[in-house]
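# An overview of the molecular structure
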Amino acid sequence: MAGSLKIRSGTKLSLAFDAPVGQEPQFNLICTFAKSLDESAFLISIPMKGGKALPLDENQKLLIRYKQGSESMILAGYADDIVKEGLRRYWKIRRVTEQRQFFQRADERLKVALGIQYVQDTWPVNFDGIIEKEEGMSLDISAGGLALYLNRVFNVGEVCEVTLPNIGIAKEGKGCELVAAVCWNREAPKGSIYRNICGLQFRYADDEEKERVKKYLDYLKKKYRL
């Protein structure tokens, strides 16, 4: 868990109910940050909807968005109590480990299932002295990154290497090996053959590498008529 939040009291926050994997959360509620209680909990004003205070639902996962410099950050948590301070009432939010970093989407996302390999150079080697790659499946992909079903749990901020598969004999369809950083992770939906899903942001070595991925995606879009 990260340390106490560095958010000023009185800062306006956008709030959404957590959305199923593949759907964008709707940040259509407004609340105000009151203060941190400790490293795992903080107070916010009770959000209003239709002129009425929202009822407390301890089982509803919440996403809370705020600005950190030029980036939008997302905290996940649950409202587990109502705290009264003076004449005001607040929700006490208990944070969970997920913390997403949302970047403004300038690239089109393609919803396509691709077999993606991933690996970290810190994993142990096998009997042949090789670090074996693991297999995952993409949920969507863009020039900025991808959402990946997988069976391993990554921490936000960790870096791994992913391999995009060959999808044709044309030059544009050849696979790519890319460095990517973990932006968020969560459990996969029930019934999935994978345990988790995470968001990865590509970290390009140079403009040439990024252009190669854009051509790969253009080829992918045409091949599968996405």
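For the structure, check the block above.
## Re the side chain of threonine 163
Structurally, the position occupied by threonine 163 is in strand β12 (residues 159–164). If we skip the residues at most four places from it in the chain, threonine 163 touches Gly115, Ile116, Gln117, Lys133, Cys176 and Glu177.

## Here we look at the pairing of strand β6 (residues 61–68)
Direction of pairing for strand β1 (residues 12–17) relative to β6: antiparallel, over a ladder of four bridges. Bridge pairing in β6 places leucine 15 opposite isoleucine 64. Summarising the sheet, β6 and strand β7 (residues 71–85) pair through eight bridges and their orientation is antiparallel. Directly across from isoleucine 64, in β7, lies its bridge partner leucine 75.

## Some details on the packing of aromatic side chains
Within the structure shown, the criterion is met by five aromatic pairs. Both rings, one in tyrosine 149 and one in tyrosine 194, keep their centres 6.2 Å apart while their planes meet at 25°; by these two values the pair is stacked. Of this pair, tyrosine 149 sits in strand β11 (residues 145–150) while tyrosine 194 sits in the loop between β13 (176–187) and β14 (196–203), and the two are 45 residues apart along the sequence. Each member of the pair, tyrosine 149 as well as tyrosine 194, is classed as buried. Among the aromatic side chains, those forming a connected cluster through ring pairs are Tyr118, Trp123 and Phe154. Directly above the aromatic system of phenylalanine 27 lies the positively charged group of arginine 65, at a separation of 4.3 Å from the ring centroid.

## With respect to unusual backbone geometry
Positive phi, normally seen in glycine, also occurs at arginine 225, with a value near 50°. Within the fold, arginine 225 resides in the segment after α1 (207–223).

## Some words on the environment of isoleucine 64
Here isoleucine 64 lies in strand β6. For the pair formed by isoleucine 64 and leucine 75, sequence separation is 11 residues and the distance between their alpha carbons is 5.1 Å. Setting aside chain neighbours within four positions, we find isoleucine 64 in contact with Leu13, Ser14, Leu15, Phe27, Phe42, Ile44, Met73, Ile74, Leu75 and Ile93.

Definitions and limits used
- Residues numbered from 1 in each chain as written.
- Predicted model: local features only at pLDDT ≥ 70, side-chain atom pairs only at ≥ 80, totals over all residues.
- Heavy atoms only, no water.
- Helix = DSSP H or I, 4+ residues; strand = E, 2+ residues; numbered from the N terminus.
- Contact = heavy atoms within 4.5 Å.
- Pairing = 2+ DSSP bridges.
- Phe/Tyr/Trp six-rings, centres within 6.5 Å; stacked < 30°, edge-to-face > 60°.
- Buried < 20%, exposed > 50% of the residue type's maximum accessible area, 1.4 Å probe, protein only.
- Lys NZ or Arg CZ within 6 Å of the ring centre and 35° of its normal.

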